[in-house]
Amino acid sequence: MGPQRWPHGSAFLDGERDNFRDLGDLRQQIEACLRWYVDQFPALVEDHSMTMENIGNLTAPSVFFCLDLKILAGADSQNTFDALQASDNNGVWETIDRHLDQFLPNFSSHFKTYLRWVFVKKDEQVWEVGSRPPVGRYTPFQRRGRPGDKGPPRRTGGSSQGGGGGRPQQGGRDRHERSGQGGGQDRDRGPRGPRREANAGPRPNGHADQERAALEAVRLAVDQLRTNPGLAEIKLDPSNSFFRRLQHKKAVAEGFHSFSTGEGMQRAVVVTREKTEQEDNS
């Protein structure tokens, strides 16, 4: 491996030695190994921080020392090698940390973090399908606010919600307010899918369920218009721009017309028999 690799470690890999007892116990072996790397890479002692200029002179010895440490622990005993992987707080790690603090005072924390990342086994958390919270613009029932907040979601609307409580950004503008819309809310930021009643049963499982619910609302409205000639129009529950677009298409496919009304979170689709002058399919 050339001068970058501890010669005793290279000799072990080449089959020229099968143990390190001639260097003393494990503590003395680790000390000898670290001394060699400090002599070979002066930046380990002379530099005080890691930069783009010295990162190569710091990364190489950390990687090679990690490989040599694995060899030393395995050659010492299986128990020593197992101790490296079982925990990051035992006698073996105390010996390693003590030598790192002694020989590498400026970079001991870097070495400690890297070595533990390599050796210590961590239990990986396995997520069952459907168990992770949904993300994205059309996430159903996503509560606005910071993690750990208690109480009902904060309103982040504009003046149409009575001066709403969203935190203003630069210039005093609410983050849902668009210039050119007369101080109203962003029309495309409606609720996460069709609004549900308090006792409407279990919540939808995902975006597909919301889509089905939005289209079902149009179907029910169409059925009522067909069976009740006295009805001129039916207003659906508020929804966001994505589901409103689906509802407009569904109404046309059923032979009816529709338009959107309201602002912000209250914007909803109205299904009608006849096309109106105020028709707005947004």
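Further up the page is the structure itself.
Within each chain, residue numbers correspond to sequence positions counted from 1 in written order. Two thresholds apply to this predicted model, a pLDDT of at least 70 for residue-level local features and 80 or more for giving and counting side-chain atom pairs, whereas whole-chain, interface and lining totals are computed over all residues. Working from all heavy atoms in the structure, the side-chain values ignore hydrogens and water.

Draft legend 1. Up close: helix α5 (residues 78-86). Working definition: with a 1.4 Å probe on protein chains only, accessible area under 20% of the residue-type maximum means buried, over 50% means exposed, and in between means partly exposed. The helix count covers DSSP runs of H or I at least four residues long, the strand count covers runs of E at least two residues long, and both are numbered beginning at the N terminus. Those residues of α5 not exposed but buried are Thr-80, Phe-81, Ala-83 and Leu-84. For α5, the angular spread of buried residues about the axis comes to 155°, placing them on one side. Opposite the buried face of α5, by more than 90 degrees, sit the exposed residues Gln-78, Asn-79 and Ala-86. Note on definitions: a residue-residue contact is assigned when non-hydrogen atoms from the two residues lie within 4.5 Å. Tucked into the core, α5 has its buried residues touching α2 (26-40), α4 (55-76), α6 (91-103) and α7 (108-119). The directions from the helix axis to the C-beta atoms form the arc being described.

Draft legend 2. The arrangement of the nonpolar core in detail. We define a nonpolar core as any set of buried Ala, Val, Leu, Ile, Met, Phe, Trp, Tyr and Cys residues linked to one another through side-chain atoms lying within 4.5 Å. Counting residues in hydrophobic clusters, the biggest one holds 35 residues, and the most contacted among them are Tyr-37, Phe-65, Ile-96 and Leu-115. Elements with a contribution of two residues or more to this core: α2, α3 (43-46), α4, α5, α6 and α7. Looking at this core element by element, the count peaks at 9 residues for α4. For Phe-65, the residues in contact, after removing those within four places along its chain, are Ile-30, Cys-33, Leu-34, Tyr-37, Leu-100, Phe-111 and Leu-115. By size, the runner-up hydrophobic cluster in this structure holds 10 residues, among which are Val-222, Leu-225, Ile-234 and Leu-236.

Draft legend 3. Expanded view of the environment of Pro-238. For Pro-238, the position within the fold is in the loop between β1 (233-235) and α9 (241-253). As a C-alpha pair, Pro-238 and Gly-264 span 26 residues in sequence and 9.3 Å in three-dimensional space.

Draft legend 4. Expanded view of α9. Multiplying 1.5 Å by the residue count of a helix minus one yields the expected span of that helix. Under the 1.5 Å per step criterion, the end-to-end length of α9 is 18 Å for 13 residues, consistent within 8% with the ideal 18 Å. Residues of α9 that are buried include every one of Ser-241, Phe-243, Arg-244, Leu-246, Gln-247, His-248 and Ala-251, and no others. On its buried side, α9 packs onto α8 (207-227), β2 (257-261) and β3 (268-272). Any N or O atom pair separated by 3.5 Å or less is treated as a polar contact, with the protein-specific requirement of one donor-capable and one acceptor-capable atom, and with residues adjacent in sequence counted only for side-chain atom pairs. Capping the start of α9, Asn-240 holds a side-chain oxygen 3.1 Å from the backbone nitrogen of Phe-242, two or three residues further along. Just downstream of α9, Gly-255 is the residue with a positive phi angle, here 90°.

Draft legend 5. Here's a closer look at the sheet that holds β3. Note on pairing: two strands pair once DSSP finds at least 2 bridges between them. What the 3 strands build is an open sheet, ordered β1-β3-β2; its pairing is antiparallel. Across the chains shown, the open sheet's two edge strands, defined by having one partner strand only, are β1 and β2. Taking each pair of neighbouring strands and ignoring which way they run, the sheet shows an average axis angle of 25°. Sheet analysis places β1 next to β3, joined by 3 bridges and oriented antiparallel. Paired with Glu-233 across the two strands is Thr-272, which belongs to β3. Fitted lines through C-alpha atoms serve as axes, helices being fitted only where they are in contact, and the angles separating the N-to-C directions of these axes extend from 0 to 180 degrees.

These figures come from the coordinates and say nothing about function on their own.
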